[in-house]
Amino acid sequence: AQSVTQPDIHITVSEGASLELRCNYSYGATPYLFWYVQSPGQGLQLLLKYFSGDTLVQGIKGFEAEFKRSQSSFNLRKPSVHWSDAAEYFCAVDSGNTGKLIFGQGTTLQVKP
Amino acid sequence: SAVISQKPSRDICQRGTSLTIQCQVDSQVTMMFWYRQQPGQSLTLIATANQGSEATYESGFVIDKFPISRPNLTFSTLTVSNMSPEDSSIYLCSVEGRGQREAFFGQGTRLTVV
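So, a few notes on the structure that sits alongside this text. (Residues numbered from 1 in each chain as written. Chains lettered and ligands numbered in written order. Predicted model: local features only at pLDDT ≥ 70, side-chain atom pairs only at ≥ 80, totals over all residues. Heavy atoms only, no water.)

Observations concerning the overall build of chain B
Item 1. From N to C terminus, chain B includes zero helices and eleven strands.
Item 2. Beginning at the N terminus, the succession of helices and strands in chain B can be written as β-β-β-β-β-β-β-β-β-β-β.
Item 3. The globule rule puts the C-alpha radius of gyration for 114 residues at 13 Å, and the 13 Å found for chain B is close to it.
Item 4. The proportion of buried residues among the 114 residues of chain B is 52%.
Item 5. Excluding contacts between residues fewer than 6 apart, the proportion of contacts in chain B whose partners are at least 24 apart in sequence is 53%.
Item 6. When the accessible area of chain B is evaluated, it comes to approximately 5400 Å², of which 47% is carbon and sulfur surface.
Item 7. Positive and negative side-chain charges of chain B, numbering 9 and 9 respectively, have mean locations separated by a distance of 5 Å. (Helix = DSSP H or I, 4+ residues; strand = E, 2+ residues; numbered from the N terminus. Rg over C-alpha atoms; globule rule 2.2 N^0.38 Å. Buried < 20%, exposed > 50% of the residue type's maximum accessible area, 1.4 Å probe, protein only. Contact = heavy atoms within 4.5 Å. Areas by Shrake-Rupley, 256 points an atom, 1.4 Å probe, with all protein chains shown as cover. Lys, Arg positive; Asp, Glu negative; His and termini not counted. Charge placed at Lys NZ, Arg CZ, Asp CG, Glu CD.)

Things to note about the overall build of chain A
Item 1. Looking only at helices and strands, one finds zero helices and twelve strands in chain A.
Item 2. Along its sequence from the N terminus, chain A presents helices and strands in the succession β-β-β-β-β-β-β-β-β-β-β-β.
Item 3. For a compact globule of 113 residues, the expected C-alpha radius of gyration is about 13 Å, and chain A comes in at 13 Å, within 12% of that figure.
Item 4. For chain A, the spread of C-alpha atoms along the three principal axes comes to 40 × 30 × 20 Å.
Item 5. The proportion of buried residues among the 113 residues of chain A is 44%.
Item 6. Within chain A, counting contacts between residues at least 6 apart in sequence, those at least 24 apart form 52% of the total.
Item 7. Looking at chain A as shown, the accessible area adds up to about 5300 Å², and 48% of this sits on carbon and sulfur atoms.

Here we look at the packing of aromatic side chains
Item 1. One pass over the full model with this rule turns up 15 aromatic pairs over all chains.
Item 2. Summarising the aromatic geometry, the rings of Phe90(A) and Phe103(A) are spaced 6.2 Å apart at their centres and angled 90° between planes, so their arrangement reads as edge-to-face. Pair noted here: Phe90(A) is in strand E10 (residues 87-94) and Phe103(A) is in strand E11 (residues 102-103), with a separation of 13 residues, a long-range link. Taken individually, Phe90(A) and Phe103(A) each receive the classification buried, so the pair is uniform in this respect.
Item 3. Through a chain of ring-to-ring contacts, three or more aromatic side chains come together here, namely Tyr32(A), Phe34(A), Tyr36(A), Phe51(A), Phe90(A), Phe103(A), Tyr35(B) and Phe105(B). (Phe/Tyr/Trp six-rings, centres within 6.5 Å; stacked < 30°, edge-to-face > 60°.)

With respect to the environment of Arg69(A)
Item 1. Along the chain, Arg69(A) turns up in the loop between strand E8 (64-68) and strand E9 (73-78).
Item 2. Not counting residues up to four positions away in its chain, the partners in contact with Arg69(A) are Tyr25(A) and Thr30(A).

Things to note about the side chain of Asp8(A)
All names here are of chain A.
Item 1. Inspection of the secondary structure puts aspartate 8 in the loop between strand E1 (3-5) and strand E2 (10-14).
Item 2. Within the local environment of aspartate 8, its side chain forms a polar contact with the side chain of arginine 22, the two groups lying 2.9 Å apart.
Item 3. Residues in contact with aspartate 8, not counting those within four places in the same chain, are Arg22, Gly106 and Thr107. (Polar contact = N/O pair within 3.5 Å; in protein donor to acceptor, adjacent residues only side chain to side chain.)

What follows is the structure, given as structure tokens:
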């Protein structure tokens, strides 16, 4: 069965530091890959997505992610974190081109002043 | 993009009762989905709301507990029936944008069952 793993449940970084959130997926082919952010009391906002082509994708709010087929990974990065980035981050896959998403467990990001 | 309005945004309900959640989209969409997010957990797909036919439920979810309606291409409802405290969750409506490989989400309905 398809699955998504976010190994880090909780990450704390200092404001201005770089960030990398890990995501690994299990699927036979290349799925559609997404990163969403959920702020407290808010819905989900799409940060970026990967379907094909260039494996380094740029998203909103200064985020980027790199698809690595050999590692079945789609890690999210940001060079300098802002206090407003504190939120829950979800990696998701659409494995069957159906519009149905399988989500990872999420990573809670805390930003220290 | 698609703008999704979910109602109610939150509710506190007595066990044994039912709650119907509404999802309104500002444009016609083919695919509508309902997800559940239990406290501190990730999102799990409940079902796909199909226009003109019965919803398609994922493993572990049944129509008697989560009846879904989809009367047209812009509206759907999810009912949480005979609620228990274990149903306390955030329920989110999602749509796939027309011509876009991207899912848009409503703000969610935070349900607490007491």
